[in-house]
Amino acid sequence: MTDDRAALRGLLASGTPRTWVFTGDSITHGLIHTRGARNYVDHLHELIRGDAGRVQDAVLNTAITGWRADLILGDFDRRVAHWRPDVVTLMIGTNDCTTEWLDPVIEVPEFADSIAEFVRRVRVLGALPLLQTPPTVDLRHAPDRARIGEFAQAIRDVAARDDVILVDQHAAFTAFSAGTGPGNEDMAWGLLDDAFHPSAAGHALLALGWAEVLGFDAPGSRVLTDLRARVAVAAHPPWPPS
């Protein structure tokens, strides 16, 4: 199997125009919870077509609020194949893991099979698949999503087994709370707008995870500087809040 990281480096080094498709659920859809700010796909659009100078590239967001892995597979042509992509990314799992809103409940092995099938279909297109784990969830207010960690691990396992590039957003959100103050352990309060939708700051952290994987570290990048500042303020917000 081709080394996907080498393939990604070659793609970014090439002057050939590329098409990027980002798909998933409401987190990638990126509406409402950023409160008018850019979502992480918007930030990546600026990093790819701005900082990286890839002005002929197309960056598409086909995510739909409320969707799951099985629904994306059922609409794969419109969500992915129709756009003849070179790179396809998937963040999913936050809706799949609920034990309250689905009947029957989706089990972890079934979810893992869906992720593996998504990767297989992307490769058949000749495109490069990239997987993301979903962010953490405030389980005090969304206890039905208590399995989110298991679903994130299933994505990690598929990525490791099938040699897929992984952006581990779940781990990044978990690590964020360290040192942010008493009572914040294991909860990325400053990154969430509700129990499981990232805020503008949360989307900044998602974008930074992508920037690291893509090797975007241009000195003096105003985009990266702004993203890091948003995350820093979220970690240590002014008190009392206004």
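See the structure above.
What you see is a predicted model; the values in this text were computed from it and never measured.

Student: What am I meant to see in the sheet that holds strand β1 (residues 19-24) here?
Tutor: Sheet strands pair by backbone hydrogen bonding; their relative direction is either parallel or antiparallel. Read across the sheet, five strands follow the order β2-β1-β3-β4-β5 without closing on themselves; strand pairing throughout is parallel. On the outer flanks of this sheet lie β2 (58-61) and β5 (165-167), each paired with one strand and no other. Across the sheet, the axes of successive neighbouring strands diverge by a mean angle of 20°, strand direction being ignored. As defined by bridge partners, strand β3 (residues 87-91) adjoins strand β4 (residues 128-132) across five bridges and the pair is classed as parallel. Its bridge partner lying in β4, Val88 is registered against Pro129. Each of β1, β3, β4 and β5 touches helix α1 (residues 4-13); the most contacted strand, β4, lies at about 110° to it. Along the sheet, helix α3 (residues 40-51) makes contact with β1, β2, β3 and β4, crossing β2 at roughly 175°.

Student: Sorry if this is basic, but what is going on with the pattern of salt bridges here?
Tutor: Pairing between side chains of opposite charge can happen when the charged atoms of each approach one another. Considering all chains together, one arrives at 13 salt bridges under this definition. Linking Arg68 and Asp70 is a salt bridge whose minimum nitrogen-to-oxygen distance equals 3.0 Å. Residue Asp70 is classed as partly exposed on the basis of its relative accessible area, which comes to 34%. With a closest N to O distance of 3.7 Å, Arg147 and Glu107 form a salt bridge. Of the two residues, Arg147 is situated in the loop between β4 and α7 (148-161) and Glu107 in the loop between β3 and α6 (108-124); the sequence distance between them amounts to 40 residues. On the accessibility criterion, Arg147 (12% relative accessible area) is buried. Residue Glu107 is classed as partly exposed on the basis of its relative accessible area of 46%. Taken together, the shared-partner salt bridges connect Glu117, Arg120 and Arg121 into one network.

Student: I would appreciate a short explanation of the nonpolar core in the present structure.
Tutor: Judged by nonpolar contacts, the single largest core of 40 residues is most densely connected at Leu8, Trp20, Phe22, Tyr40, Leu44, Leu191 and Trp210. Looking at this core, the element that brings in the most residues is helix α9 (residues 200-214), giving ten residues. Once residues lying within four places of it in the same chain are set aside, the contact partners of Leu44 are Phe22, Ala207, Trp210 and Leu214. Counting residues in each nonpolar core, the second largest holds 34 residues, with Trp67, Leu90, Ile148 and Val158 among its members.

Basis of the calculations
- Residues numbered from 1 in each chain as written.
- Predicted model: local features only at pLDDT ≥ 70, side-chain atom pairs only at ≥ 80, totals over all residues.
- Heavy atoms only, no water.
- Pairing = 2+ DSSP bridges.
- Helix = DSSP H or I, 4+ residues; strand = E, 2+ residues; numbered from the N terminus.
- Axes fitted to C-alpha atoms, helices over the stretch in contact; angles between N-to-C directions.
- Contact = heavy atoms within 4.5 Å.
- Salt bridge = Lys/Arg side-chain N within 4 Å of Asp/Glu carboxyl O.
- Buried < 20%, exposed > 50% of the residue type's maximum accessible area, 1.4 Å probe, protein only.
- Core = buried A, V, L, I, M, F, W, Y, C linked by side-chain atoms within 4.5 Å.

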